[in-house]
Amino acid sequence: MSRSRFEKLNPDKQHRLIESAAEEFAAKGYEAASLNRILEQAGMSKSSLYYYFDDKADLFTTLVDRSLGLLFREIGGFDASTLTEDNFWREMEALAQRFTALGNSNAWYVKMGRMFYRLRSDPAHSAPTERSFVAARRWITDILCKGQALGAVRTDLPETLLVDAAMGLGEALDLWVLNHWDEIPDDARLRMANDQVGLFRRLLAP
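Residues numbered from 1 in each chain as written. Predicted model: local features only at pLDDT ≥ 70, side-chain atom pairs only at ≥ 80, totals over all residues. Heavy atoms only, no water.

A.B. asks: Please explain the pattern of salt bridges as it appears in this structure.
C.D. replies: When the charged atoms of two side chains lie near each other, side chains of opposite charge can form a pair. Scanning the model with the defined rule gives seven salt bridges in all. Across the pair arginine 120 and glutamate 130 runs a salt bridge whose closest N-O atoms are separated by 3.4 Å. With arginine 120 in helix 6 (residues 107–120) and glutamate 130 in helix 7 (residues 127–150), the pair connects residues that are 10 residues apart, well separated along the chain. Taking relative accessible area as the criterion, glutamate 130 reaches 39% and is therefore assigned partly exposed. Two residues, aspartate 187 and arginine 191, come together in a salt bridge whose shortest N-O distance is 3.6 Å. (Salt bridge = Lys/Arg side-chain N within 4 Å of Asp/Glu carboxyl O. Helix = DSSP H or I, 4+ residues; strand = E, 2+ residues; numbered from the N terminus. Buried < 20%, exposed > 50% of the residue type's maximum accessible area, 1.4 Å probe, protein only.)

A.B. asks: How should the nonpolar core be read in this particular structure?
C.D. replies: Nonpolar side chains in soluble globular proteins tend to end up buried together. Counting 37 residues, the largest nonpolar core has Leu17, Phe25, Leu59, Phe60 and Leu63 as the members making the most contacts within it. Every element with two or more residues in this core is listed here: helix 1 (11–32), helix 2 (35–42), helix 3 (46–52), helix 4 (56–75), helix 5 (88–105), helix 6 and helix 8 (159–180). Membership of the second largest hydrophobic core comes to 20 residues, among which are Ile140, Ala166, Met167 and Val197. (Core = buried A, V, L, I, M, F, W, Y, C linked by side-chain atoms within 4.5 Å.)

A.B. asks: Help me out: how do you make sense of the packing of helix 8 against helix 9 (residues 186–204) in this one?
C.D. replies: Each pair of packed helices can be described by the angle between their axes along with the distance between the axes. Following both chains from N to C, one finds helix 8 and helix 9 inclined at 160°, their axes separated by 11 Å at the closest point. One way to sum up the angle between helix 8 and helix 9 is to call them roughly antiparallel. Remark: the crossing between helix 8 and helix 9 carries right-handed chirality. Across the interface between the two elements, Leu162, Ala165, Ala166, Leu169, Gly170, Leu173, Trp176 and Val177 from helix 8 touch Met192, Gln196, Leu199, Phe200, Leu203 and Leu204 from helix 9. Here the contact of helix 8 with helix 9 is built from residues that sort into 12 nonpolar, two polar and no charged. (Axes fitted to C-alpha atoms, helices over the stretch in contact; angles between N-to-C directions. Parallel < 35°, antiparallel > 145°, perpendicular 65-115°, else oblique. Left-handed = near helix turned anticlockwise from the far one by under 90°. Contact = heavy atoms within 4.5 Å. Nonpolar A, V, L, I, M, F, W, Y, C, P; charged D, E, K, R; others polar.)

A.B. asks: Whenever I open this one, the packing of aromatic side chains confuses me. Can you help?
C.D. replies: Pairs of aromatic rings are described using the distance from one ring centre to the other and the angle between the two planes. Summed over all chains, the structure comprises six aromatic pairs. Both rings, one in phenylalanine 25 and one in tyrosine 30, keep their centres 5.8 Å apart while their planes meet at 10°; by these two values the pair is stacked. Residue class for phenylalanine 25 comes out buried when judged on its relative accessible area of 0%. Summarising the aromatic geometry, the rings of tyrosine 30 and phenylalanine 60 are spaced 5.2 Å apart at their centres and angled 70° between planes, so their arrangement reads as edge-to-face. (Phe/Tyr/Trp six-rings, centres within 6.5 Å; stacked < 30°, edge-to-face > 60°.)

A.B. asks: Looking at this model, I keep getting lost on helix 2. Mind explaining?
C.D. replies: For the α-helix, the turn length of 3.6 residues means that residues three or four positions removed from each other point alike. Taken together, the buried positions of helix 2 are Leu35, Ile38, Leu39 and Ala42. Down the axis of helix 2, the buried side of the element spans an arc of 95°, and every buried residue falls inside it. In helix 2, the exposed positions angled more than 90 degrees off the buried face are occupied by Glu40 and Gln41. The elements touched by buried residues of helix 2 are helix 1, helix 3 and helix 4. For helix 2, the N-terminal capping position is held by serine 34, with its side-chain oxygen 3.2 Å away from the main-chain nitrogen of asparagine 36. Of the residues one or two after helix 2, glycine 43 is the one with positive phi, at around 70°. (Arc of directions from axis to C-beta. Polar contact = N/O pair within 3.5 Å; in protein donor to acceptor, adjacent residues only side chain to side chain.)

A.B. asks: Please clarify how the packing of helix 4 against helix 7 should be interpreted in this entry.
C.D. replies: At their nearest, the axes of helix 4 and helix 7 sit 8 Å apart, and the two run at 30° to each other. As far as their axial angle goes, helix 7 and helix 4 are roughly parallel. Crossing angle aside, the handedness with which helix 4 passes helix 7 is right-handed. Here helix 4 contributes Ala57, Phe60, Thr61, Thr62, Val64, Asp65 and Leu68 to the contact with helix 7, which in turn contributes Pro128, Arg131 and Ser132. When grouped by side-chain class, the residues that make up the contact of helix 4 with helix 7 number five nonpolar, three polar and two charged.

A.B. asks: Please clarify how the environment of glutamate 19 should be interpreted in this entry.
C.D. replies: If you trace the backbone, glutamate 19 turns up in helix 1. Sequence spacing of glutamate 19 and glycine 170 is 151 residues, and the spatial spacing of their C-alpha atoms is 28 Å.

A.B. asks: Is there a simple way to explain helix 9 in this structure?
C.D. replies: Taking 1.5 Å per residue as the helical rise, helix 9 with its 19 residues ought to reach 27 Å, and the 28 Å between its terminal C-alpha atoms agrees with that figure. Every buried residue belonging to helix 9 is among Ala188, Arg189, Ala193, Val197, Gly198, Phe200 and Leu204, and all of these are buried. In this structure, the buried residues of helix 9 make contact with helix 5, helix 7 and helix 8. (Expected span 1.5 Å × (residues − 1).)

Interpretation in functional terms is not warranted from these geometric data alone.
And the structure:
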């Protein structure tokens, strides 16, 4: 886990380091990314890096966390308190549309997604993905519980089974879309976003 002292670093220096790491990971992938190149670009020493982070995995995990935070800010956030039984699935479609539109306009998120799942599939390098995966599971759990309270999500199966099923379907869809992203036109990706939410609805709705 990144050290809390990094948050106390000058914001400009934080930004330079994260931007340098993003460029290096995007260009080289996780395995081939060089801490030396990142540090040279950011104007930092190796001793400074290890003051703030344990290793490359720790730096990458922080990059993923910040990218996800930026992603949610760019798509406008998501207020679960506005959900009702009538609009629950429409709001899920709208959220999927915003995610897809952002991917259409900024290839960085697609590259990050591919790196994330490459690491996740490799037990030797999957540690940097764990924190984000746990956060995603918590978010899915909260949304499903909200949907159940509204009557928009089924209640006839154990909560953990529903969460496992939703996470499994989401990961399968993410992997397929990321692997085929370059083959699919922008407008087709947007149509597919609604189709994917339709799969969740058939799985989870009462």
